[in-house]
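One-letter residues, chain by chain:
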Amino acid sequence: MLSQNEEPPPSLTEKHITDRLVPAPVLTLHSNELLPRHYLAVENHRLYPFTIDAKPLFDHYVRHIPTPLSDYTFANNIIWLSQKSGFYQIIEDCFCLFSLNGHCLTMLLPPLGKPAHQVAALDACFRIMDGYNPTAYLSAVEYVYRDFMNLLEASLDRWLIERSLPDYIYRTEDLVQLRGNAYKTKRGEINQFRRVHPDHRLERLGPQHEDGIRGLIDTWLRNRLQYMSGDAIADFFYTVEQERRAIERALTHYDTLGLKGLCLFINERLEGFTFGERITPDVANVLVEKTNFAIPGSAQFLFREFVKEFTDCTFINVGDDLGLENLRRVKMSYRPALFGEKISLRRAGMHECRERQDVESDRDIAPV
């Protein structure tokens, strides 16, 4: 149950907040984990900053969503929200995660909680987004798991459903054993790596590796730039900066997030690292993997060794391919057993509203 409290401890005060954040009462869960004292004001609604302190609440509600998708873990959301402003609230006894990007308020996930509460929470969330966004067309929910649509069967005509990039999910045993002709190339790359680098070794990732990880990212960036055209460099730098910040945040909160990782050393130099977590007791998730791609076979070797850390899981999820053809080819080469389907939701009719607004806007600026 949720209840009102008087005042939170000073340590939970956010130092870097927008001028729309104002003091608010505090809510608590059974564990007495306190919500922050600041919130984003959207009309009469309060959205709290999504920080590391929200983990107990998120974990409490997400346990009702037994999906194997990589988007449904606290770690995956908190590390990538470094590029956006994340906010949340408990609505209809569901955890509702919002993303404020520019002038647009959307949801990264559908409401997390018991199915009996999710539809009412979804309606309330759209009212909140509509209250903030300049047009209702911008109100949307990303990364919706497929089975959520079963809750909307009675009102499917109200929704515009768009397919999102799926997660690639493999059988753990396939990735460990690499049996058969389908994995012949992978076995060859790993064996070649071992022959060329007999001095390689693995270590559990920890705080002592942070400097080496930063150095590897710089090396990886320099190597990649050699093969890129001028037009692609700007977008590449933006993507790399997103990933760099996500890695930094993951390392800062590594133990709190319950992450597990490995580092690859060659000649006592860190040449690869990876880390991940469990999504469910039977599905693990690889969040990040980086190796020096000038060292053939290092990526294949490290990936296989890290998968061995989760042999008690039936499946391994490695996320989507970001729409990149080279990444799609690599992930397909490992022969996925499943695709984790995802969709995005808008309300039906919003597309037509958007078109009408564009026409009216054109009329406003058209020359006489």
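Heads up: the structure comes first, above all this text.
To keep things clear, this report deals only with the structure shown in the data block.

1. Re the sheet that holds strand β11 (residues 167-171)
Then, number 1: Read across the open sheet, the seven strands follow the order β12-β13-β14-β15-β16-β11-β17; overall the sheet is mixed. Here the strands that pair on one side only, and so sit at the sheet edges, are β12 (201-204) and β17 (338-340). Between one strand axis and the next, the sheet turns by 30° as a mean value, whatever way the strands run.
Then, number 2: Of the strand pairs in this sheet, β11 and β17 are connected by three bridges, and their pairing is antiparallel. From the neighbouring strand, Y168 faces β17, where its bridge partner is F339.

2. Section: the packing of aromatic side chains
Then, number 1: According to the stated counting rule, one finds 17 aromatic pairs in the structure shown.
Then, number 2: Residues Y72 and Y145 carry aromatic rings whose centres are separated by 5.6 Å and whose planes lie at 85° to one another, so their mutual orientation is edge-to-face. Residue Y72 is located in the loop between α1 (55-62) and α2 (74-80), and its partner Y145 is located in strand β9 (residues 141-145); the two are separated by 73 residues in the primary sequence. Of the two residues examined, Y72 and Y145, each falls in the buried class.

3. Quick notes on α1
Then, number 1: Of all eight residues that make up α1, six are buried, and the element is covered over most of its length.
Then, number 2: Those residues of α1 lying buried are K55, L57, F58, H60, Y61 and V62.
Then, number 3: Its buried side turned inward, α1 meets α2, β6 (85-91), β7 (94-101) and α8 (254-257).

4. Thoughts on unusual backbone geometry
Negative phi characterises most residues that are not glycine, and trans characterises most peptide bonds.
Then, number 1: We note that E43 has phi near 55°; this positive angle belongs to a residue other than glycine.
Then, number 2: Structurally, the position occupied by E43 is in the loop between β4 (38-42) and β5 (45-49).
Then, number 3: Taking the relative accessible area as the measure of exposure, E43 reaches 62% and is therefore exposed.
Then, number 4: Look at E92: it is not a glycine, yet its phi comes out positive at around 50°.
Then, number 5: Residue position: E92 is located in the loop between β6 and β7.

Conventions used here
- Positions within a chain are numbered from 1, following the residues in the order the chain's sequence is written.
- Owing to the predicted nature of the model, reporting of local features is limited to residues with pLDDT of at least 70; listing and counting of side-chain atom pairs is limited to 80 or more, with chain, interface and lining totals taken over all residues.
- Only heavy atoms go into the side-chain values, all of them from the structure, while hydrogens and water stay out.
- Here, strands pair whenever DSSP counts at least two bridges between them.
- Only runs of H or I of at least four residues qualify as helices and only runs of E of at least two qualify as strands under DSSP, and these elements are numbered from the N terminus.
- Helix axes are fitted only over the stretch in contact, all axes being lines through C-alpha atoms; the angle between N-to-C directions runs from 0 to 180 degrees.
- Centres within 6.5 Å are what make two rings of Phe, Tyr or Trp a pair, Trp counting through its six-membered ring; a difference in plane orientation under 30 degrees is then read as stacked, over 60 as edge-to-face, and the rest as tilted.
- Each residue gets one of three labels from its accessible area relative to the maximum for its type: buried under 20%, exposed over 50%, partly exposed in between, using a 1.4 Å probe on protein chains only.
- When checking whether two residues touch, look at their non-hydrogen atoms; a contact exists if any pair is within 4.5 Å.

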